[in-house]
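# Fold and contact review
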Amino acid sequence: MTGRAQHLRAWAELLRLPALFTVPGDALAGASAVGLRPGRGTFLAIGSSLCLYEAGMALNDWADRAEDAVDRPHRPLPSGRIRPAAALAAAGAFTAGGLALAHRAGRPATLLATALAGTVWAYDLGLKRTQAGPVAMAAARGLDVLLGAAATAPRCGQALAGGPEHGLGAALPTATTIAAHILAVTTVSRNETQGGNTAAPLAALAASLTLARWTGRTHELPAGRRVAAAPGLSGSISTALAAAYAGATARPYFHAALNPSPPLTQRAVGAGIRSLIPLQAALAARAGAPRTALITAALAPLAQRIAPKVSVT
(Lines give C-alpha, C1' and ligand atoms only; values in the text may rest on other atoms or scores of the structure.)
Protein backbone atom coordinates (compact mmCIF):
# COMPACT_ATOMS: atom_id res chain seq x y z
CA MET A 1 0.00 0.00 0.00
CA THR A 2 1.44 3.38 -1.04
CA GLY A 3 1.94 6.26 1.38
CA ARG A 4 -1.00 8.15 -0.11
CA ALA A 5 -3.26 5.11 0.15
CA GLN A 6 -2.24 4.60 3.78
CA HIS A 7 -3.00 8.26 4.50
CA LEU A 8 -6.44 7.99 2.92
CA ARG A 9 -7.17 4.82 4.87
CA ALA A 10 -6.20 6.58 8.09
CA TRP A 11 -8.72 9.34 7.36
CA ALA A 12 -11.36 6.74 6.47
CA GLU A 13 -10.78 5.15 9.89
CA LEU A 14 -10.86 8.49 11.67
CA LEU A 15 -14.12 9.49 9.98
CA ARG A 16 -15.61 5.98 10.26
CA LEU A 17 -16.88 6.02 6.68
CA PRO A 18 -19.25 3.00 6.92
CA ALA A 19 -21.23 4.83 9.59
CA LEU A 20 -21.93 7.64 7.12
CA PHE A 21 -24.56 5.45 5.47
CA THR A 22 -26.64 5.73 8.65
CA VAL A 23 -26.92 9.52 8.31
CA PRO A 24 -29.14 10.23 5.25
CA GLY A 25 -31.99 8.19 6.72
CA ASP A 26 -32.46 10.74 9.51
CA ALA A 27 -33.42 13.52 7.09
CA LEU A 28 -35.41 11.15 4.88
CA ALA A 29 -37.38 9.86 7.87
CA GLY A 30 -37.95 13.44 9.01
CA ALA A 31 -39.25 14.46 5.58
CA SER A 32 -41.55 11.43 5.50
CA ALA A 33 -42.85 12.23 8.98
CA VAL A 34 -44.13 15.64 7.85
CA GLY A 35 -45.83 14.06 4.85
CA LEU A 36 -43.65 15.57 2.14
CA ARG A 37 -41.47 14.12 -0.57
CA PRO A 38 -37.72 14.73 -0.28
CA GLY A 39 -36.72 17.89 -2.11
CA ARG A 40 -33.91 20.40 -2.35
CA GLY A 41 -34.15 21.25 1.34
CA THR A 42 -33.98 17.58 2.29
CA PHE A 43 -30.76 17.08 0.35
CA LEU A 44 -29.25 20.21 1.88
CA ALA A 45 -30.14 18.76 5.28
CA ILE A 46 -28.49 15.46 4.36
CA GLY A 47 -25.33 17.32 3.33
CA SER A 48 -25.39 19.32 6.55
CA SER A 49 -25.92 16.17 8.62
CA LEU A 50 -23.05 14.36 6.91
CA CYS A 51 -20.71 17.27 7.61
CA LEU A 52 -21.74 17.59 11.26
CA TYR A 53 -21.48 13.82 11.74
CA GLU A 54 -17.93 13.81 10.42
CA ALA A 55 -17.12 16.81 12.58
CA GLY A 56 -18.17 14.71 15.54
CA MET A 57 -16.04 11.78 14.42
CA ALA A 58 -12.89 13.87 14.03
CA LEU A 59 -13.49 15.79 17.26
CA ASN A 60 -14.18 12.54 19.13
CA ASP A 61 -10.77 11.11 18.31
CA TRP A 62 -9.06 14.42 19.05
CA ALA A 63 -10.69 14.58 22.49
CA ASP A 64 -9.95 10.87 23.18
CA ARG A 65 -6.37 10.80 21.91
CA ALA A 66 -4.81 10.26 25.36
CA GLU A 67 -7.31 7.55 26.29
CA ASP A 68 -6.95 5.87 22.89
CA ALA A 69 -3.17 5.78 23.32
CA VAL A 70 -3.80 3.27 26.12
CA ASP A 71 -6.94 1.43 25.06
CA ARG A 72 -6.79 1.67 21.24
CA PRO A 73 -3.26 2.56 20.15
CA HIS A 74 -4.08 1.46 16.58
CA ARG A 75 -6.42 4.43 16.05
CA PRO A 76 -5.16 7.07 13.57
CA LEU A 77 -4.15 9.72 16.14
CA PRO A 78 -2.26 7.67 18.76
CA SER A 79 -0.59 5.65 16.01
CA GLY A 80 0.75 8.89 14.51
CA ARG A 81 -0.91 8.46 11.12
CA ILE A 82 -2.89 11.69 11.53
CA ARG A 83 -1.76 14.72 13.53
CA PRO A 84 -4.13 15.88 16.30
CA ALA A 85 -4.10 19.40 14.89
CA ALA A 86 -5.29 18.08 11.53
CA ALA A 87 -8.17 16.22 13.17
CA LEU A 88 -9.23 19.31 15.10
CA ALA A 89 -9.02 21.45 11.96
CA ALA A 90 -11.15 18.91 10.10
CA ALA A 91 -13.76 19.05 12.87
CA GLY A 92 -13.93 22.82 12.55
CA ALA A 93 -14.13 22.73 8.76
CA PHE A 94 -16.87 20.09 8.74
CA THR A 95 -18.85 22.08 11.29
CA ALA A 96 -18.62 25.23 9.19
CA GLY A 97 -19.64 23.30 6.09
CA GLY A 98 -22.62 21.74 7.85
CA LEU A 99 -23.89 25.08 9.11
CA ALA A 100 -23.43 26.68 5.68
CA LEU A 101 -25.52 23.99 4.00
CA ALA A 102 -28.23 24.26 6.62
CA HIS A 103 -28.32 28.03 6.13
CA ARG A 104 -29.23 27.48 2.50
CA ALA A 105 -32.19 25.37 3.61
CA GLY A 106 -33.74 28.21 5.62
CA ARG A 107 -33.81 29.75 9.08
CA PRO A 108 -35.50 26.83 10.91
CA ALA A 109 -32.93 24.42 9.51
CA THR A 110 -30.13 26.80 10.49
CA LEU A 111 -31.38 26.97 14.07
CA LEU A 112 -31.64 23.20 14.34
CA ALA A 113 -28.23 22.64 12.74
CA THR A 114 -26.70 25.13 15.17
CA ALA A 115 -28.26 23.28 18.10
CA LEU A 116 -27.04 19.99 16.63
CA ALA A 117 -23.48 21.30 16.18
CA GLY A 118 -23.46 22.63 19.74
CA THR A 119 -24.64 19.27 21.06
CA VAL A 120 -21.95 17.41 19.09
CA TRP A 121 -19.15 19.63 20.39
CA ALA A 122 -20.48 19.57 23.95
CA TYR A 123 -20.68 15.78 23.84
CA ASP A 124 -17.18 15.23 22.51
CA LEU A 125 -15.49 17.83 24.71
CA GLY A 126 -17.10 16.96 28.01
CA LEU A 127 -20.54 15.38 28.25
CA LYS A 128 -19.31 12.07 26.89
CA ARG A 129 -17.57 11.31 30.16
CA THR A 130 -20.61 12.11 32.29
CA GLN A 131 -23.93 10.38 32.95
CA ALA A 132 -25.47 12.85 30.49
CA GLY A 133 -23.37 11.48 27.62
CA PRO A 134 -25.86 8.97 26.16
CA VAL A 135 -28.69 11.50 26.49
CA ALA A 136 -26.67 14.12 24.64
CA MET A 137 -25.88 11.70 21.83
CA ALA A 138 -29.54 10.70 21.59
CA ALA A 139 -30.56 14.35 21.49
CA ALA A 140 -28.13 14.98 18.64
CA ARG A 141 -29.70 12.24 16.54
CA GLY A 142 -33.18 13.44 17.33
CA LEU A 143 -32.22 16.96 16.26
CA ASP A 144 -30.88 15.49 13.03
CA VAL A 145 -34.31 14.05 12.22
CA LEU A 146 -35.96 17.40 12.97
CA LEU A 147 -33.38 19.11 10.76
CA GLY A 148 -34.52 16.99 7.82
CA ALA A 149 -38.16 17.76 8.59
CA ALA A 150 -37.58 21.52 8.93
CA ALA A 151 -35.49 21.70 5.76
CA THR A 152 -38.20 19.90 3.79
CA ALA A 153 -41.26 21.62 5.25
CA PRO A 154 -40.48 25.20 4.09
CA ARG A 155 -41.64 24.13 0.63
CA CYS A 156 -45.11 24.52 2.15
CA GLY A 157 -44.14 27.34 4.52
CA GLN A 158 -44.72 25.11 7.54
CA ALA A 159 -41.35 24.55 9.15
CA LEU A 160 -42.10 25.40 12.77
CA ALA A 161 -45.88 25.46 12.67
CA GLY A 162 -48.69 23.88 10.74
CA GLY A 163 -51.19 21.12 11.27
CA PRO A 164 -50.52 17.57 12.41
CA GLU A 165 -49.70 16.48 8.87
CA HIS A 166 -46.94 18.93 7.91
CA GLY A 167 -45.89 20.77 11.06
CA LEU A 168 -42.55 20.03 12.65
CA GLY A 169 -44.36 18.43 15.56
CA ALA A 170 -45.37 15.61 13.23
CA ALA A 171 -41.71 14.54 13.17
CA LEU A 172 -41.36 14.33 16.96
CA PRO A 173 -42.40 10.64 17.27
CA THR A 174 -39.88 9.67 14.59
CA ALA A 175 -37.16 11.78 16.20
CA THR A 176 -37.93 10.30 19.60
CA THR A 177 -37.80 6.73 18.26
CA ILE A 178 -34.40 7.24 16.66
CA ALA A 179 -33.14 9.05 19.76
CA ALA A 180 -34.24 6.12 21.95
CA HIS A 181 -32.31 3.69 19.75
CA ILE A 182 -29.18 5.84 19.92
CA LEU A 183 -29.55 6.18 23.69
CA ALA A 184 -29.44 2.40 23.99
CA VAL A 185 -26.47 2.00 21.62
CA THR A 186 -24.46 4.77 23.28
CA THR A 187 -25.06 3.28 26.72
CA VAL A 188 -23.64 -0.03 25.50
CA SER A 189 -20.68 1.74 23.86
CA ARG A 190 -19.50 3.19 27.17
CA ASN A 191 -18.10 -0.28 28.01
CA GLU A 192 -16.71 -1.28 24.62
CA THR A 193 -13.03 -1.00 25.57
CA GLN A 194 -13.26 -2.70 28.98
CA GLY A 195 -16.44 -4.77 28.72
CA GLY A 196 -17.94 -6.31 31.83
CA ASN A 197 -21.42 -4.74 31.74
CA THR A 198 -24.33 -7.14 31.25
CA ALA A 199 -27.14 -4.72 32.07
CA ALA A 200 -26.51 -2.30 29.20
CA PRO A 201 -26.83 -4.82 26.33
CA LEU A 202 -29.86 -6.40 28.00
CA ALA A 203 -31.52 -2.98 28.26
CA ALA A 204 -30.58 -2.26 24.64
CA LEU A 205 -32.11 -5.59 23.58
CA ALA A 206 -35.36 -4.76 25.35
CA ALA A 207 -35.37 -1.27 23.83
CA SER A 208 -34.80 -2.51 20.28
CA LEU A 209 -37.57 -5.10 20.54
CA THR A 210 -39.95 -2.48 21.92
CA LEU A 211 -39.07 0.02 19.18
CA ALA A 212 -39.43 -2.67 16.51
CA ARG A 213 -42.87 -3.61 17.80
CA TRP A 214 -44.06 0.01 17.84
CA THR A 215 -42.57 0.86 14.44
CA GLY A 216 -43.98 -2.20 12.71
CA ARG A 217 -47.46 -1.82 14.15
CA THR A 218 -50.19 -0.78 11.70
CA HIS A 219 -51.72 2.62 12.42
CA GLU A 220 -54.08 5.11 10.81
CA LEU A 221 -52.39 7.61 8.51
CA PRO A 222 -53.58 11.23 8.37
CA ALA A 223 -56.39 11.59 5.84
CA GLY A 224 -54.34 13.64 3.40
CA ARG A 225 -51.77 10.91 2.98
CA ARG A 226 -53.97 7.87 2.43
CA VAL A 227 -54.30 7.92 -1.34
CA ALA A 228 -50.67 8.68 -2.13
CA ALA A 229 -49.25 6.45 0.56
CA ALA A 230 -50.94 3.13 -0.39
CA PRO A 231 -51.41 2.23 3.29
CA GLY A 232 -51.45 -1.53 2.69
CA LEU A 233 -48.08 -1.41 0.96
CA SER A 234 -46.62 0.99 3.51
CA GLY A 235 -47.79 -1.20 6.37
CA SER A 236 -46.26 -4.34 4.86
CA ILE A 237 -42.94 -2.64 4.20
CA SER A 238 -42.89 -1.10 7.67
CA THR A 239 -43.53 -4.48 9.31
CA ALA A 240 -40.82 -6.20 7.26
CA LEU A 241 -38.25 -3.48 7.96
CA ALA A 242 -39.08 -3.40 11.65
CA ALA A 243 -38.49 -7.16 11.76
CA ALA A 244 -35.17 -6.67 9.97
CA TYR A 245 -34.20 -4.04 12.52
CA ALA A 246 -35.04 -6.37 15.42
CA GLY A 247 -33.13 -9.21 13.79
CA ALA A 248 -30.05 -7.05 13.23
CA THR A 249 -29.82 -6.05 16.90
CA ALA A 250 -31.16 -8.99 18.89
CA ARG A 251 -28.35 -11.51 18.49
CA PRO A 252 -25.37 -9.13 19.01
CA TYR A 253 -27.00 -7.59 22.10
CA PHE A 254 -27.85 -11.03 23.50
CA HIS A 255 -24.32 -12.29 22.94
CA ALA A 256 -22.85 -9.20 24.59
CA ALA A 257 -25.13 -9.75 27.57
CA LEU A 258 -24.06 -13.39 27.91
CA ASN A 259 -20.38 -12.55 27.51
CA PRO A 260 -19.70 -8.81 28.00
CA SER A 261 -16.15 -8.99 26.67
CA PRO A 262 -14.74 -6.00 24.73
CA PRO A 263 -14.90 -7.79 21.32
CA LEU A 264 -18.54 -8.83 21.73
CA THR A 265 -19.48 -5.45 23.18
CA GLN A 266 -17.85 -3.70 20.23
CA ARG A 267 -19.66 -6.04 17.86
CA ALA A 268 -22.95 -5.17 19.54
CA VAL A 269 -22.22 -1.45 19.19
CA GLY A 270 -21.38 -1.86 15.52
CA ALA A 271 -24.59 -3.79 14.92
CA GLY A 272 -26.54 -1.13 16.76
CA ILE A 273 -25.10 1.61 14.58
CA ARG A 274 -25.77 -0.23 11.31
CA SER A 275 -29.28 -1.30 12.37
CA LEU A 276 -30.25 2.35 12.43
CA ILE A 277 -30.79 2.10 8.66
CA PRO A 278 -33.67 -0.42 8.72
CA LEU A 279 -35.20 1.50 11.64
CA GLN A 280 -35.11 4.75 9.67
CA ALA A 281 -36.58 2.97 6.66
CA ALA A 282 -39.34 1.39 8.75
CA LEU A 283 -40.25 4.79 10.17
CA ALA A 284 -40.45 6.29 6.67
CA ALA A 285 -42.78 3.47 5.58
CA ARG A 286 -44.85 3.90 8.73
CA ALA A 287 -45.31 7.57 7.79
CA GLY A 288 -46.72 6.53 4.41
CA ALA A 289 -43.60 6.89 2.25
CA PRO A 290 -42.77 3.39 0.95
CA ARG A 291 -40.52 4.65 -1.84
CA THR A 292 -38.42 6.70 0.56
CA ALA A 293 -38.31 3.69 2.87
CA LEU A 294 -36.92 1.42 0.16
CA ILE A 295 -34.33 4.02 -0.87
CA THR A 296 -33.21 4.30 2.75
CA ALA A 297 -33.09 0.53 3.19
CA ALA A 298 -30.85 0.24 0.11
CA LEU A 299 -28.09 1.99 2.08
CA ALA A 300 -27.76 -1.00 4.43
CA PRO A 301 -25.94 -3.38 2.04
CA LEU A 302 -23.57 -0.56 1.08
CA ALA A 303 -22.66 0.00 4.73
CA GLN A 304 -22.30 -3.74 5.26
CA ARG A 305 -19.95 -4.03 2.30
CA ILE A 306 -17.56 -1.41 3.64
CA ALA A 307 -17.82 -2.36 7.32
CA PRO A 308 -15.26 -5.24 7.21
CA LYS A 309 -12.66 -2.83 5.82
CA VAL A 310 -13.22 0.13 8.16
CA SER A 311 -14.63 -0.13 11.68
CA VAL A 312 -17.67 1.96 12.62
CA THR A 313 -16.57 2.18 16.28
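Residues numbered from 1 in each chain as written. Predicted model: local features only at pLDDT ≥ 70, side-chain atom pairs only at ≥ 80, totals over all residues. Heavy atoms only, no water.

### Topic: the side chain of D26
Relative to the elements of secondary structure, D26 occurs in helix α2 (residues 24-33). A residue is classified by how much of its surface remains accessible, and D26, at 0% relative accessible area, is buried. Apart from residues lying up to four places away in sequence, D26 is in contact with R141, D144, V145, I178 and Q280. (Helix = DSSP H or I, 4+ residues; strand = E, 2+ residues; numbered from the N terminus. Buried < 20%, exposed > 50% of the residue type's maximum accessible area, 1.4 Å probe, protein only. Contact = heavy atoms within 4.5 Å.)

### Quick word on the pattern of salt bridges
Here the structure, examined in full by the defined rule, presents nine salt bridges. The shortest N-O distance in the salt bridge between D64 and K128 comes to 2.9 Å. With D64 in the loop between α3 (40-63) and α4 (65-71) and K128 in the loop between α6 (107-125) and α7 (133-152), this residue pair connects regions lying 64 residues apart in the sequence. As far as the burial class goes, D64 and K128 line up, both buried. (Salt bridge = Lys/Arg side-chain N within 4 Å of Asp/Glu carboxyl O.)

### Topic: the side chain of D144
Position of D144 among the secondary structure elements: in helix α7. The buried charged residue D144 lacks any salt bridge partner; its closest oppositely charged side chain belongs to R141, at an N-O distance of 4.3 Å. Engagement of the side chain of D144 in a polar contact is seen with the side chain of S49, the distance being 2.4 Å. In this structure, D144 is in contact with V23, D26, S49 and L116, ignoring residues within four places of it in sequence. (Lys, Arg positive; Asp, Glu negative; His and termini not counted. Polar contact = N/O pair within 3.5 Å; in protein donor to acceptor, adjacent residues only side chain to side chain.)

### Looking at the nonpolar core
In terms of nonpolar packing, the biggest core is built from 39 residues, with L112, L116 and L147 touching the most fellow members. Sorting the residues of this core by element identifies α2, α3, α6, α7, α8 (172-189), α9 (199-216), α11 (231-258) and α13 (276-286) as the ones contributing at least two each. When residues in this core are grouped by element, the largest group, eight residues, is from α7. If we skip the residues at most four places from it in the chain, L112 touches L143, L146, L147, A150 and L168. Counting 16 residues, the second-largest nonpolar core is a separate cluster that includes M57, A184, L205 and A268. (Core = buried A, V, L, I, M, F, W, Y, C linked by side-chain atoms within 4.5 Å.)

Keep in mind that these numbers describe shape and distance, not what the molecule does.
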